[in-house]
Amino acid sequence: DAGVIQSPRHEVTEMGQEVTLRCKPISGHDYLFWYRQTMMRGLELLIYFNNNVPIDDSGMPEDRFSAKMPNASFSTLKIQPSEPRDSAVYFCASAAGRGGTDTQYFGPGTRLTVL
Amino acid sequence: AQRVTQPEKLLSVFKGAPVELKCNYSYSGSPELFWYVQYSRQRLQLLLRHISRESIKGFTADLNKGETSFHLKKPFAQEEDSAMYYCAPSEYGGASKIIFGSGTRLSIRP
């Protein structure tokens, strides 16, 4: 298994543009998490899904951010319109929901720069 | 509110010296606690979890419920231990929400 896959690895865009980040979790994992990492705020949980259903989106900063998980092998995080303060590294992680096995497996991240 | 605190942003020690990365948490109930590590140019990954009571790469972490602490320790630091370390409590049972601390960057000097 290649682990969690994220694309693109780097994204540079201009303010106001729509940005879509993609994630493929590890096959068989039923939890998927989206995080944002910045120097100022560290690693923040944005939203997580269980069996493709959003469970907690309290970390999504505002309505410009949206996330979907149309099936067990794919999720997107969309920012529309993007702003310079959205510049960060966005991580996706997946986990199996068996009790006591909370290990989250992280993707390599997408480094987003909004000019 | 649930909270985790890593008071040191940067910790620099000499090779061979003992290391202690501090973590304090404020949680209701009985959280499960983890340490995650991110080496340079690598993915964030699990280092150890308190429920396993294991030593990974020479690191151990003891849960002190009285002090609500979960400090990470290693008796003799090695250069390859240089990395970013995150303390992370989660609600017990299942792969539920984890709150990551702000992280401590450990730098091992030769």
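No experiment lies behind these values; they were computed from the predicted model shown.

Conventions adopted
Residues numbered from 1 in each chain as written. Chains lettered and ligands numbered in written order. Predicted model: local features only at pLDDT ≥ 70, side-chain atom pairs only at ≥ 80, totals over all residues. Heavy atoms only, no water. Helix = DSSP H or I, 4+ residues; strand = E, 2+ residues; numbered from the N terminus. Rg over C-alpha atoms; globule rule 2.2 N^0.38 Å. Buried < 20%, exposed > 50% of the residue type's maximum accessible area, 1.4 Å probe, protein only. Contact = heavy atoms within 4.5 Å. Pairing = 2+ DSSP bridges. Axes fitted to C-alpha atoms, helices over the stretch in contact; angles between N-to-C directions. Disulfide = S-S within 2.5 Å. Core = buried A, V, L, I, M, F, W, Y, C linked by side-chain atoms within 4.5 Å. Phe/Tyr/Trp six-rings, centres within 6.5 Å; stacked < 30°, edge-to-face > 60°.

### Some thoughts on the overall build of chain B
In terms of regular secondary structure, chain B is built from zero helices and 10 strands. Secondary structure elements of chain B occur, N-terminal to C-terminal, as β-β-β-β-β-β-β-β-β-β. Relative to the 2.2 N^0.38 estimate, which gives 13 Å for 110 residues, the radius of gyration of chain B is 13 Å and therefore close to what a compact globule would have. By its C-alpha atoms, chain B is 40 × 30 × 25 Å across when sized along the principal axes. Buried residues in chain B amount to 46% of all 110 residues. Look at the contacts in chain B between residues 6 or more apart in sequence, and 58% of them connect residues 24 or more apart.

### Some thoughts on the sheet that holds strand E8 (residues 74–79) of chain A
For sheets, the rule is that strands pair by backbone hydrogen bonds, running either parallel or antiparallel. Residue and element names in this part refer to chain A. Reading across from one edge, E1-E3-E8-E7 is the order of the four strands in this open sheet, with antiparallel pairing throughout. Sheet topology places strand E1 (5–7) and strand E7 (65–71) at the edges, where each strand pairs with a single neighbour. Taken pair by pair, the neighbouring strands of this sheet meet at an average axis angle of 15°, ignoring direction.

### Topic: the pairing of strand E6 (residues 53–56) of chain A
Residues and elements named next belong to chain A. Bridge count for strand E5 (residues 42–50) against E6 is three bridges, and the pairing is antiparallel. Bridging across to E6, phenylalanine 49 finds its partner in proline 54. Here E5 hands over to E6 after two residues, with asparagine 51 in that stretch at a positive phi of 50°.

### Section: the state of the cysteines
By definition, a disulfide is the covalent link that joins the sulfur atoms of two cysteine residues. Inspection of the entire model under this criterion finds two disulfides over all chains. A disulfide bridge connects cysteine 23 of chain A with cysteine 92 of chain A, and the sulfur atoms are separated by 1.9 Å. On the sign convention where negative means left-handed, the S-S torsion of about -65° between cysteine 23 of chain A and cysteine 92 of chain A marks this disulfide as left-handed. Of the two residues, cysteine 23 of chain A sits in strand E3 (residues 19–24) while cysteine 92 of chain A sits in strand E9 (residues 88–95), which places them 69 residues apart along the sequence. With respect to class, cysteine 23 of chain A is no different from cysteine 92 of chain A; both count as buried. Each sulfur of the disulfide joining cysteine 23 of chain B and cysteine 87 of chain B lies 1.9 Å from the other. Judged by the sign of its S-S torsion, about -65°, the bond between cysteine 23 of chain B and cysteine 87 of chain B is left-handed. You can see cysteine 23 of chain B sitting in the loop between strand E3 (19–21) and strand E4 (24–26) and its partner cysteine 87 of chain B sitting in strand E9 (residues 83–90), a full 64 residues away along the chain. Each member of the pair, cysteine 23 of chain B as well as cysteine 87 of chain B, is classed as buried.

### So, the nonpolar core
Residue and element names in this part refer to chain B. Counting 24 residues, the largest nonpolar core has Trp35, Leu72 and Tyr85 as its most contacted members. Listing elements by their share of this core, those giving two or more residues are strand E2 (10–14), E3, strand E5 (32–38), strand E6 (45–49), strand E8 (69–74), E9 and strand E10 (104–109). Ignoring anything within four residues of it in the chain, the contact list for tyrosine 85 reads Gln6, Leu21, Trp35, Tyr36, Val37, Tyr39, Leu47, Phe59, Leu72, Gly103, Thr104 and Leu106.

### A closer look at the packing of aromatic side chains
Counting across every chain of the model gives 13 aromatic pairs over all chains. Consider the rings of tyrosine 35 of chain A and phenylalanine 106 of chain A, whose centres lie 5.4 Å apart with planes at 35°: the pair is tilted. Here phenylalanine 106 of chain A lies in strand E10 (residues 105–106) and tyrosine 35 of chain A lies in strand E4 (residues 31–38), a separation of 71 residues in the sequence. Residue classification places tyrosine 35 of chain A among the buried residues on the basis of a relative accessible area of 0%. On the basis of relative accessible area, phenylalanine 106 of chain A is assigned to the buried category, the value being 4%. With a centroid separation of 5.9 Å and 80° between ring planes, the pair formed by phenylalanine 106 of chain A and phenylalanine 100 of chain B is classed as edge-to-face. A residue pair is termed interchain when its members come from two chains, as with phenylalanine 106 of chain A in strand E10 and phenylalanine 100 of chain B in the loop between E9 and E10. The class for phenylalanine 100 of chain B is buried, based on a relative accessible area of 7%. Three or more aromatic residues joined by ring pairs form one cluster here, namely Tyr31, Phe33, Tyr35, Tyr48, Phe91 and Phe106 of chain A together with Phe34, Tyr36, Tyr86 and Phe100 of chain B.

By themselves these figures say nothing about function.
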